[in-house]
Amino acid sequence: MSTKIVWRLPVYLAIGLLGGGFAYWADPYLIQIALGVVVAALLALSWDVLSRCGQVSLGHAGFFGIGAYFSAMFAEFHPAIPWIAGIGACAIAAALLGMLTLRLQRVYFTIATLGFALALQVPVLIFDGWTGGAGGIAPALVAGGDPAAQLLVGTALLVIAAVISDVVLSAWFRPAFFMIRTKPELAASSGVPVVRTKLLAFVMSGALGGAAGVLYAGLYGYIVPGDVFNLNWSVLPLAVTILGGMDTTLGPLLGTIVLRLLEEVARAYIGGVGYQVVYGGVIIFFIAVMPTGLYGFLRGIVMRLRSDATKADKP
Amino acid sequence: MDFATLLQPLLLSLAAASLYAAVASGLTLEFGVVKIVNFAHGDFVMLGAFVTYFLATRYGISPALGMFIAALLMGALSALVYYGFLARILKQDQHNQLLATLGLSILIVNTAAILWTPDARALHVPEILPTLHLGRVTIPGNNLFVALVGVCLYLALLYVLNYSRWGTLMRLASDDPELATYSGLDVNKAFALAFIIGGFSAGIAGGLVSLVLYVQPLVGIDLGIRAFAIIALGGLGSVPGAMIGAVVLSIVEGIVNAFVPGGGSWGYGIAFVVLIAVFLVRPYGLFGKELRS
């Protein structure tokens, strides 16, 4: 089932209204939570785009960090330059990583991407003249540091990301991605340009992950290597996407909102140390109870109701 | 630079290799048999370290004995985790299985942080073996003990896998689960066995950790990530590969730490540069086989 972009307009409108509404009416605390959701959702969509051609990555912290760092290193010029630098550097890095890992199968790919993200701290430490080394670096603030305006920027990015995700889900790309994911040997022989499609997925995913990183770096204007090249940024997109529902645009968004809200509740009850224990609990619960994610679960309910309704219509 | 300044870090690296191999061989055994990458393996090592630590500090039990108690407990916990959770998701997609063990890891680490605080503790007990002096090279007794136990554990795993009934059962079940089922073998039991043996070796490795590293909730993630690099380097599922991978990694790390300025803070970066270099030549590790789809 491919997605028609036109039918998706209400979804984009809903994202925009939700983000815009929060930006205008919510209090500062809620705006911060919304910003956290937007960053995580961007990263989750980025992860899902890559996973659609069967590449399960644990390296999105790498794109996130490259985006953040390149935006910081080119912070002094026009406000658009950090975005171009961060996203561009990520797209290039993603293409290179894609070429390096083309031959790697499944788990080998996952471990290699895990390594990619963690190893990137080394160049940051070596070239400390440019990157600030272990002491960190100060990127330019997005929207002058006004949280409400930042949320508007983030919402706009999220809508763009949702459109990109839907384009990948549309009839133009979906069959090729599906073939590569499910029957890689068959894909090449039936005329799918496997290498080109995979690299395209990498570049799109990298660019989106980079955008998340640039946004994150510009929220508070200060980053250190251990903060952005952190395993958490690799696990988070995987977790929220699988919880929400893979291979969809709404799934990662739903999953992010649910997990972030649970995190806030846990932080209030458990405190700063170990509150992520709910992450573990929620993940295990979802995998055991609804393996197709929230989206799949809800869809299943809707389908069942619909088939019940059609059965009821017939005498 | 003379011979001794080179030999000292080299020998200490080999002691570290033994610990890495102890962590990685259990992990690669689990993957080799069940085809699940257990991201929580390092956290079982961490739990084993805490058990050994508390047995030594509260009840005065020597780590040499405590690590076996830890190993038995971790074996039991692995059985619980396998039958309670992992056995139910064997049919699910690869990414779900990956996330399942990641979730387990997050759950264990954070529970440990809540129970025991994230602070690092050092275990102060008399060294189990005397310090070894070879000319100007000295090897502390604890490192020597770790090296010896690590090698023994590794050899024991190799023996069990290759020469025992359990090993035969596990190899048959992993080679062709369907055929094994038709032949009347209990595949589920074989998989559980792999996890229990993996948990047992994680417990022993945890005991070793408590002797040479700080005991803290994050120590397992640190070792676990290195162990992934090691088993991918050696070839997933290959126990000899895990040993080779551990030796390669620990020597490279030892050399970088000793001779590259600032190299001590590179952490896993080193591991993955080595790994990518190997992948460029052999995409399934040094001793690995191509995965069947």
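One structure accompanies this document, and this report is about it. Note that the structure is predicted; figures quoted are calculated from it, not measured.

## Details of the overall build of chain B
No. 1: Within chain B, the secondary structure is distributed over 11 helices and two strands.
No. 2: On C-alpha atoms alone, chain B measures out to a radius of gyration of 19 Å, which is about the 19 Å that the 2.2 N^0.38 rule sets for 293 residues.
No. 3: Along the first, second and third principal axes, the C-alpha atoms of chain B reach 60 × 50 × 35 Å.
No. 4: Expressed as a percentage of its 293 residues, the buried residues of chain B come to 52%.
No. 5: Put simply, of all contacts in chain B between residues at least 6 apart along the chain, 76% involve residues at least 24 apart.

## Quick word on the overall build of chain A
No. 1: Along chain A, the regular secondary structure elements total 16 helices and zero strands.
No. 2: Radius of gyration (C-alpha) of chain A: 20 Å, near the 20 Å computed for a compact globule of 315 residues.
No. 3: Projected onto its principal axes, the C-alpha positions of chain A cover 75 × 50 × 40 Å.
No. 4: A total of 315 residues make up chain A; the buried ones form 50% of that total.
No. 5: Within chain A, counting contacts between residues at least 6 apart in sequence, those at least 24 apart form 77% of the total.

## Regarding the interface of chain A and chain B
No. 1: Taken residue by residue, the interface counts 38 residues in chain A and 41 residues in chain B.
No. 2: Taken together, the elements giving at least two residues each to the side of chain A that touches chain B come down to α5 (106-119), α6 (121-126), α13 (231-244) and α15 (277-289) of chain A.
No. 3: If you tally residues by element for the side of chain A that touches chain B, the top one is α5(A), at 11 residues.
No. 4: The residue makeup of the side of chain A that touches chain B, split by class, is 27 nonpolar, nine polar and two charged.

## Things to note about unusual backbone geometry
All names here are of chain B.
No. 1: Non-glycine residue Lys 35 carries a positive phi angle of around 65°.
No. 2: With respect to the helices and strands, the residue Lys 35 is situated in the loop between α1 (3-34) and α2 (41-59).
No. 3: A count of 19 C-beta atoms within 10 Å places Lys 35 in the partly exposed class.

## Some thoughts on the environment of Tyr69(A)
All names here are of chain A.
No. 1: Assignment of secondary structure puts Tyr 69 in helix α3 (residues 60-73).
No. 2: Separated by 100 residues in sequence, Tyr 69 and Leu 169 place their C-alpha atoms 30 Å apart.
No. 3: If sequence neighbours within four positions are ignored, Tyr 69 has contacts with Val 124 and Thr 131.

## As for the packing of α2(B) against helix α3 (residues 63-84) of chain B
All names here are of chain B.
No. 1: Put simply, α2 and α3 touch, their axes get as near as 8 Å, and they point 135° apart. It follows that α2 is oblique to α3 by the angle criterion. Read as a crossing pair, α2 and α3 show a hand that is right-handed. Mapping the contact onto sequence places Phe 44, Leu 47, Gly 48, Val 51, Thr 52, Leu 55 and Ala 56 in α2 and Pro 63, Gly 66, Met 67, Ile 69, Ala 70, Ala 71, Leu 73, Met 74 and Ser 78 in α3.
No. 2: Here the contact of α2 with α3 is built from residues that sort into 12 nonpolar, four polar and no charged.

## Section: the nonpolar core
No. 1: If you look at the biggest cluster of nonpolar residues, it comprises 205 residues, and the most contacted ones within it are Leu42(A), Ala239(A), Tyr20(B) and Ala229(B).
No. 2: With residues up to four places along the chain from it excluded, the contact list for Leu42(A) reads Leu157(A), Leu158(A), Ala161(A), Leu208(A), Ala211(A), Ala212(A) and Leu215(A).

## With respect to α1(B)
No. 1: Across its 32 residues, α1(B) extends 45 Å between first and last C-alpha, which sits within 8% of the 46 Å expected from 1.5 Å per residue.
No. 2: Backbone geometry just after α1(B) places Lys35(B) at a positive phi near 65°.

## Thoughts on helix α10 (residues 239-259) of chain B
All names here are of chain B.
No. 1: End to end, α10 covers 30 Å across 21 residues, agreeing with the expected 30 Å (1.5 Å per residue, within 8%).
No. 2: Along α10, the positions that sit buried rather than exposed are Val 239, Gly 241, Ala 242, Met 243, Gly 245, Ala 246, Val 248, Leu 249, Ser 250, Glu 253 and Gly 254.
No. 3: Next to the buried residues of α10 lie α1, α5 (141-163), α9 (219-234) and α11 (269-281).

## Re the environment of Phe173(A)
Residue and element names in this part refer to chain A.
No. 1: Take Phe 173: it is sitting in the loop between α8 (147-169) and α9 (174-182).
No. 2: Separated by 24 residues in sequence, Phe 173 and Thr 197 place their C-alpha atoms 8.5 Å apart.
No. 3: Discounting residues that sit within four places of it in the chain, Phe 173 has contacts with Val 167 and Val 168.

## Points about the environment of Ala180(B)
Residue and element names in this part refer to chain B.
No. 1: With respect to the helices and strands, Ala 180 occurs in helix α7 (residues 177-182).
No. 2: By C-beta crowding, Ala 180 is classed as partly exposed, having 19 other C-beta atoms within 10 Å.
No. 3: The spatial distance from the C-alpha of Ala 180 to the C-alpha of Thr 131 is 50 Å, given a sequence separation of 49 residues.
No. 4: For Ala 180, the contacting residues outside a window of four places in its chain are Leu 172, Ala 173, Leu 185 and Val 187.

Basis of the calculations
- Residues numbered from 1 in each chain as written.
- Chains lettered and ligands numbered in written order.
- Predicted model: local features only at pLDDT ≥ 70, side-chain atom pairs only at ≥ 80, totals over all residues.
- Helix = DSSP H or I, 4+ residues; strand = E, 2+ residues; numbered from the N terminus.
- Rg over C-alpha atoms; globule rule 2.2 N^0.38 Å.
- Buried ≥ 20, exposed ≤ 12 C-beta atoms within 10 Å, placed from the backbone.
- Contact = placed C-beta atoms within 7 Å.
- Nonpolar A, V, L, I, M, F, W, Y, C, P; charged D, E, K, R; others polar.
- Axes fitted to C-alpha atoms, helices over the stretch in contact; angles between N-to-C directions.
- Parallel < 35°, antiparallel > 145°, perpendicular 65-115°, else oblique.
- Left-handed = near helix turned anticlockwise from the far one by under 90°.
- Core = buried A, V, L, I, M, F, W, Y, C linked by C-beta atoms within 7 Å.
- Expected span 1.5 Å × (residues − 1).

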